[in-house]
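Close look at the chain arrangement
Residues per chain, in single letters:
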Amino acid sequence: MSRDPNPDRERPLDGDINPQEMVPSRNAVLVDGVVLNGPTIDVKAGEKFVEEACRLIMEEVVLKATDINEKVCEWQPPEQLKQLLDLELRDTGEPHNRLLELCQDVIRYSVKTNHPRFFNQLYAGLDYYSLVARFMTEALNPSVYTYEVSPVFLLVEEAVLKKMIEFIGWKEGDGIFNPGGSVSNMYAMNLARYKYCPDIKEKGLSGLPRLILFTSAECHYSMKKAASFLGIGTENVCFVETDGRGKMIPEELEKQVWQARREGAAPFLVCATSGTTVLGAFDPLNEIADICERHGLWLHVDASWGGSALMSRKHRKLLHGIHRADSVAWNPHKMLMAGIQCCAFLVKDKSDLLKKCYSAKASYLFQQDKFYDVSYDTGDKSIQCSRRPDAFKFWMTWKALGTLGLEERVNRALALSRYLVEEIKKREGFKLLLEPEYANICFWYIPPSLREMEEGPEFWAKLHLVAPAIKERMMKKGSLMLGYQPHRGKVNFFRQVVISPQVSREDMDFLLDEIDLLGRDM
C-alpha cells in the first residue's frame, strides 16, 4: 500500500475534505466519476486514531474501571442519556478529536462489568488474556467456516473442543462454538429431532407426530424460545416439577414421559440443567440418564452456567453423570471469564451428525476438490455462515493459566461464595432462601421496620418492595450492581453471583454493609 511521502503533515480523518485531494491527478482513472487510483482512506490518520483509542481503553477501562474506588456505573435515565450522548448520524464524518470524545462518553456511561463489585449477571470481571485475544480477532476480522480463510482459528477451535470433550468424560465427540447458550440449546433440540426423524430436514413438519420434550421447571427460558422457533410449539414443552432445591425430580419426569405416550405424543428429548440461572441447581444426571435410556430419548444437559465446575476436581461431582449425555451446552464466558461471547455446543456422536443435520453444501464455500483436507472446513455443520473465532479467547486464557489456573478460578469463586453465605447467617436482617451448592447466593434483606413483624401476607408484601428500592439506590449511587427477582412464589430477593478472581473477601463484606446502609431506613 502506498504511503504518504510527508507523514508528519496534518491530514483530515475520513469524512473531512481536503480540497487539494479533490483534484484528480493527470494519470487518474475515473469510472462513473469516481477516482480509482490509490487508497481512499487516510491510513496515517486511521492508525493514529487506533493508537489513541487503545490508550484511552487502557486508561479508562482496563485500569480505571477495575478500581473499587470508581463507580460501577454512572447511572442516567434513558431520555437524559440521549441528551448527554451525541447519537445523531450525519452526512459527513466527525473529526478525530470528536470521535475520541465520543469514545470517552461511551465508556463513562457504560456499566463497568469488569468492576469487582459488579455481581448483576452470570458473567463478570476482566481476563487480560482473553481481552488480548479479542483485540487480535477484532483486528484480524476472521470468519470461521473454511480452513483457507481461518486456518489458525479452526485448529484452535478443534483443540479447545477436544479438551472440553475430555472434561465431560467422552472418549470422542464433536462440537461447535456459537453465539450463546440459548443457541446451543436450540442446536440440541433441532439435532435431537433430526436424530429422531431424519426426514424432517427435507420434508419439514408435515406428517410428523406430536413431538414432546421434557425439561426442568427451573430451566432456562431459551427452551421455550427454541420450541417456538423450531415449530415444536411451547405447549409441547413439558416442565417437570423440581424439589425444594430446584432440582428436577426424576420420578416426575418418568410419569410425564408415560403420560405423553398414553396421549399418543412422541417424546424425543429431555433437557437437564446443570446450574440453573436463579438458584444454581444441578439436576440429578445419572437418574435422568437412566430414564432417557429406558425410553430412547436424547439427553441434553444445559451446563451453560455450571459446566465450568468440570474444571475443578473438588466440585466436578456436581455434574456426576454428565458423560452419559448426548449433548452439552457449556459457556466458558461465564465462570471461566473467556469474554462474551464464548459458548460451546458439544455432541457425543462422532458420525458427523451435526454436519448431516445442518449441511447445505454451499458450492462457493465448501468445494470438495480443494488442494487441502476439506474435513477442516467445519462451517457446514453450523447454522451460521459468518462465525466469530470465539474459541480463541478461551484458548488464550487456558494457555496462560493452564488447567490448574482455571481450576483455581472455580475453587476460589465457590470459596468466596461460602464465605458470603456464612456472613449472611451471622448478620441481623439477612436471610438465606436456601443453602447454595454453586455460586448463586439468594437472600433477603429485611430492614429494621420489618424485623419484628410476623411473617404473614403483609410482611411478605412489604418485603417484596425492599429489593427493588435498594437496587435503585445502589444503581444511582454507582456503588455496586446486584440482581434481584421473585421466583416461584418467593417475593423479591437478591441473587449474588461470585465469578471474578478480582473479587475479594473485602468485597463480600462491602456488599452486605452497603445493602444495610442503603436499606436501613426502609
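Residues numbered from 1 in each chain as written. Predicted model: local features only at pLDDT ≥ 70, side-chain atom pairs only at ≥ 80, totals over all residues. Heavy atoms only, no water.

**Some details on the packing of helix α14 (residues 466-477) against helix α15 (residues 505-519)**
- Running from N to C, α14 and α15 point in directions that differ by 110°, and their axes come no closer than 9 Å. For the element pair α14 / α15, the angle class is roughly perpendicular. The segment α14 lies against α15, with I470, R473, M474 and K477 engaging E514, I515, L517, L518 and G519.
- The class makeup of the residues in the contact of α14 with α15 is 5 nonpolar, 1 polar and 3 charged. (Axes fitted to C-alpha atoms, helices over the stretch in contact; angles between N-to-C directions. Helix = DSSP H or I, 4+ residues; strand = E, 2+ residues; numbered from the N terminus. Parallel < 35°, antiparallel > 145°, perpendicular 65-115°, else oblique. Contact = heavy atoms within 4.5 Å. Nonpolar A, V, L, I, M, F, W, Y, C, P; charged D, E, K, R; others polar.)

**Let's talk about the pattern of salt bridges**
- In total, this model carries 44 salt bridges according to the counting rule given.
- Between E435 and K425 there is a salt bridge, and its shortest N-O distance comes to 2.4 Å. With E435 in the loop between β11 (430-432) and β12 (440-445) and K425 in helix α12 (residues 391-426), this pair connects stretches of sequence that are 10 residues apart.
- The exposure class assigned to E435 is partly exposed, which follows from its relative accessible area of 31%.
- Residues joined by salt bridges that share partners form a network here, namely D86, E88, R90, E94, R98 and E101. (Salt bridge = Lys/Arg side-chain N within 4 Å of Asp/Glu carboxyl O. Buried < 20%, exposed > 50% of the residue type's maximum accessible area, 1.4 Å probe, protein only.)

**Quick look at the sheet that holds β11**
- The strand order β3-β13-β14-β12-β11 describes an open sheet built from 5 strands, whose pairing is mixed. Single-partner strands in this sheet number two, and they are β3 (118-119) and β11.
- Two elements, β11 and β12, share 3 bridges in a ladder whose sense is antiparallel. If you follow F430 over to β12, its bridge partner there is Y445. (Pairing = 2+ DSSP bridges.)

**Considering the sheet that holds strand β8 (residues 298-302)**
- Spatially, the 7 strands line up as an open sheet ordered β4-β10-β9-β8-β7-β5-β6, and their pairing is mixed. The outermost strands of the open sheet, each flanked by one partner alone, are β4 (174-178) and β6 (237-240). On average, each strand axis in the sheet is tilted by 20° relative to the strand beside it, whichever way the strands run.
- Bridging between β4 and strand β10 (residues 343-347) involves 5 bridges; their strand directions are antiparallel. Across the sheet, D174 pairs through a bridge with V347, a residue of β10.
- The strands that helix α6 (residues 181-196) touches are β4, β5 (211-216), β7 (266-273), β8, β9 (327-330) and β10; relative to β7, the one it contacts most, it runs at about 150°.
- Packed onto the sheet, helix α8 (residues 222-229) meets β5, β6 and β7 and runs at close to 165° relative to β6.

**Concerning the pairing of strand β13 (residues 481-487)**
- Judged by how many residues are buried, β13 sits mostly within the fold: 5 of 7 residues are covered.
- In this structure, β3 lies alongside β13, joined through 2 bridges in parallel fashion. The partner of F118 across the bridge, within β13, is M481.
- The sheet contact formed by β13 and strand β14 (residues 490-497) spans 4 bridges and is antiparallel. Counted as the bridge partner of G483 is R495 from β14.
- The antiparallel hairpin formed by β13 and β14 contains 2 residues in its connecting segment, where R488 sits at a positive phi of about 45°.

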